[in-house]
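# Observations on the three-dimensional arrangement
So the chains spell out like this:
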Amino acid sequence: MRAPIMEVFSSIQGEGLLVGCRQIFIRFAGCNLNCRYCDTPESRDPQRGELITINDLKFKIKGLETPDLHSISLTGGEPLLYADFIKNLLHETNYKSLLETNGSLPSEIKKIAHLIDYASVDIKLPEHVDTEEIIEKEIKSINILIKRGVNTYLKVVILPTISPLYMGQLAQKLREEISEPSKTPIVIQPISPLDYWIGSAHRLLRISEEIGKHFKVRLIPQVHKILDLR
Ligand SMILES: C[S@@+](CC[C@H](N)C(=O)[O-])C[C@H]1O[C@@H](n2cnc3c(N)ncnc32)[C@H](O)[C@@H]1O
Ligand SMILES: Nc1nc2[nH]cc(C(=O)O)c2c(=O)[nH]1
Ligand code: SF4
Ligand SMILES: [Mg+2]
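Bear in mind that the values here come from a model prediction, so they are computed numbers and not experimental data.

## A closer look at the site of ligand 1
- Around ligand 1 there are 21 residues in total, and Tyr37, Gly77, Asp122, Lys124 and Lys155 lie nearest to it.
- A distance of 2.9 Å is found between an oxygen atom of ligand 1 and a side-chain nitrogen or oxygen belonging to Asp122.
- Here ligand 1 has 540 Å² of accessible area as a free molecule, and 95% of this is covered by the chains.
- For the shell around ligand 1, the secondary-structure elements that each account for two or more residues are β5 (97-101), β7 (151-158) and β8 (186-190).
- Counted by class, the shell around ligand 1 contains five nonpolar, nine polar and seven charged residues.

What follows is the structure, given as C-alpha cells:
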C-alpha cells in the first residue's frame, strides 16, 4: 500500500492545543477542499506527493526522532483521504498521533478514530470554502472522535472582517450539536500573514468573548510562522 507524501519533517507544533510540542509532521498530498486562505495550496494536488510505502515512511520517521519528541502529526492536504494507509501506519508504530483534519470525511474518521490520540478538527467558515453543509460533516466527525475518547479540539481560522456575533451564533450551534462541548475547546486561529491583524487585533478579544459564552476558548496564532520554523 502506498500514499502520496509531500514532506516528512521535524518541528514544533505551531497550532492549536499542542502548540510547542515537538512533532514529526507527515504531510499527505491531495485535498478535497479549497479553502481560500490555505497556506499550503500546493498540498491540494496529489501529484505533488511521492508515492511511498508504510515501511519507507516508518524509516523516514525513525530518522527524525529526537529526545523531545511528543508525537507525529498527520496533516496535508487532507490526511483522511488516506485513512486506510494511516490505519496501517498506526497499527505498525507506537507513536502518539495528532490528526489535523478538515473534518469533512466522517466515514473515514470512523476507520482510524480508535488509533488516534489527539484530533484537531477545523471548522471551515462558509466564506472560506465553496462546499455546502460542510459543518454537518464536521459535527459528525467531532462526535465520532469524542465517542472514541480522542482528545479533540476545534480550530477556526478567522479574518479580521468576521462578525463576533456570527461567531457566537456558530459556537451556540456547535454547543447544541456536539455531544460533549465542555470537553471540546475551540481554538481561534487568526489568519496568516499576521499583518492582516495590524490595527484590528482587538477584534480577536470580542470574538473570544462570544465563543467563551459556549466553549472553553483559546486564541493562538500560528507560532511556527512567528519563529520562522517549518
Ligand atoms: C494546511 S491544513 C492541512 C490539514 C487539513 N486539511 C486542515 O485544513 O485542517 C493545516 C491547518 O493549517 C491552517 N491554515 C491553513 N492556512 C492558514 C492560514 N492562511 N492562516 C492560518 N491558518 C491556516 C488550518 O487551520 C488547517 O487546519
Ligand atoms: N510547525 C508547524 N506546525 C503546524 N501545525 C499544523 C501545520 C500544518 O500545515 O498542518 C503545521 C506546519 O506546517 N508546521
Ligand atoms: S482543507 Fe486544509 S489543506 Fe485543504 S485547502 Fe483547506 S486548509 Fe488547505
Ligand atoms: Mg502548515
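Moving on from the coordinates now.
## Some words on the pattern of salt bridges
- Here the structure, examined in full by the defined rule, presents 20 salt bridges.
- For Lys62, the salt bridge is made with Glu65, and the minimal N-O distance between the two is 3.3 Å.
- On the basis of relative accessibility, which here comes to 53%, the residue Lys62 falls in the exposed class.
- Across the pair Lys96 and Asp117 runs a salt bridge whose closest N-O atoms are separated by 3.7 Å. Residue Lys96 is found in the loop between α2 (83-92) and β5, and its partner Asp117 is found in the loop between α3 (106-112) and β6 (118-122); the two are separated by 21 residues along the sequence.
- Its relative accessible area of 42% is what places Lys96 among the partly exposed residues.
- When salt bridges with common partners are traced through the structure, they connect Glu15, Glu100, Asp122, Lys124 and Lys155 into a single cluster.

## Describing the UniProt feature "binding site: substrate" (unreviewed entry) in the chain
- With numbering matched to this structure, UniProt assigns "binding site: substrate" (unreviewed entry) to Ile12, Gln13, Gly14, Arg27 and Thr75.
- On the secondary structure map, Ile12 appears in strand β1 (residues 2-12).
- Beyond its immediate sequence surroundings of up to four residues, Ile12 is in contact with Gly20, Cys21, Arg22, Phe25, Val223, Leu227 and Leu229.
- Mapped onto the secondary structure, Thr75 falls in strand β4 (residues 69-75).
- Thr75 gets classed as buried once you look at its relative accessible area, which sits at 10%.
- The contacts of Thr75, once residues within four sequence positions are left out, are Phe25, Ile26, Arg27, Phe28 and Glu100.

## What about the confidence of the model for the chain?
- With 100% of its residues at a pLDDT of 70 or more, the chain shows a mean pLDDT of 97.
- As a predicted assembly, this complex carries a pTM of 0.98 together with an ipTM value of 0.99.

## Observations regarding the pairing of β4
- Across the seven residues that make up β4, a large majority, five, are buried.
- One ladder, built from three bridges, connects β4 with β5; its direction is parallel. Among the inter-strand pairings, Ser73 is bridged to a residue of β5, identified as Leu98.

## What about the environment of Lys183?
- For Lys183, the location among the structural elements is in the loop between α5 (164-177) and β8.
- Judged by relative accessible area, Lys183 falls into the exposed class, the value being 58%.
- Between the C-alpha atoms of Lys183 and Thr152, which are 31 residues apart in sequence, the distance is 8.0 Å.
- At 2.8 Å, the side chain of Lys183 and the side chain of Glu180 are in polar contact.

## Quick look at the nonpolar core
- In terms of nonpolar packing, the biggest core is built from 60 residues, with Ile26, Leu74, Ile158 and Leu174 touching the most fellow members.
- Here this core takes seven residues from helix α4 (residues 134-147), the largest share from any one element.
- Those residues in contact with Leu74 that sit more than four places away from it in its chain are Ile26, Phe28, Pro79, Ile86, Leu89, Leu90, Ser97, Leu98, Leu99, Glu100 and Ile116.
- In this structure, Cys21, Leu98, Tyr153 and Ile220 belong to the second largest nonpolar core, which totals seven residues.

## Brief notes about the packing of aromatic side chains
- All told, the structure shown has three aromatic pairs when counted by the stated rule.
- Ring centres 4.8 Å apart and planes at 5 degrees place the aromatic pair Phe9 and Phe25 in the stacked group. Note that Phe9 is positioned in strand β1 and Phe25 in strand β2 (residues 22-28), a separation of 16 residues in sequence.
- Its relative accessible area of 3% is what places Phe9 among the buried residues.
- Between the aromatic rings of Phe28 and Phe85, the centroid separation amounts to 6.0 Å while the plane-to-plane angle is 85 degrees, which identifies the pairing as edge-to-face. With Phe28 in strand β2 and Phe85 in helix α2, the pair connects residues that are 57 residues apart, well separated along the chain.
- A residue is classified by how much of its surface remains accessible, and Phe85, at 2% relative accessible area, is buried.

What counts as what
For every chain, the first residue of its written sequence is number 1, and the numbers climb from 1 along that sequence. Written order decides the labels, with chains lettered from A and ligands numbered from 1. At least 70 in pLDDT is required for a residue's local features to be given in this predicted model, at least 80 for side-chain atom pairs to be given and counted, and no such filter applies to totals for whole chains, interfaces and linings, which use all residues. To get the side-chain values, take all heavy atoms of the structure and skip hydrogens and water. Residue proximity to a molecule or strand is established when one non-hydrogen atom of the residue lies within 4 Å of it. Pairs of N or O atoms are called polar contacts if they sit within 3.5 Å, as long as, within protein, a hydrogen donor faces a hydrogen acceptor (for residues adjacent in sequence, only side-chain-to-side-chain pairs). Accessible surface area values rest on a Shrake-Rupley calculation with a 1.4 Å probe, where residue burial reflects the displayed protein chains alone. Each helix is a run of DSSP H or I of at least 4 residues and each strand a run of E of at least 2, with the numbering of both proceeding from the N terminus. Only Asp, Glu, Lys and Arg are considered charged, only Ala, Val, Leu, Ile, Met, Phe, Trp, Tyr, Cys and Pro nonpolar, and every remaining residue, Gly among them, polar. We count a salt bridge whenever a side-chain nitrogen from Lys or Arg sits within 4 Å of a carboxyl oxygen from Asp or Glu. For every residue, the accessible area (1.4 Å probe, protein chains only) is compared with the maximum for its type, and the residue is labelled buried under 20%, exposed over 50%, or partly exposed between those bounds. UniProt positions are given in the numbering used here, feature names are shortened, and annotations may be inferred rather than shown by experiment. Contacts between residues were defined by any pair of non-hydrogen atoms, one from each residue, lying within 4.5 Å. One confidence number per residue, pLDDT, is output by the predictor and ranges from 0 to 100. Strand pairing requires that DSSP identify at least two bridges connecting the strands. By convention a nonpolar core is built from buried Ala, Val, Leu, Ile, Met, Phe, Trp, Tyr and Cys residues, the set being connected through side-chain atoms within 4.5 Å. Centre distance within 6.5 Å is the pairing criterion for rings of Phe, Tyr and Trp, where only the six-membered ring of Trp is used; planes under 30 degrees apart are then read as stacked, over 60 as edge-to-face, and the remainder as tilted.

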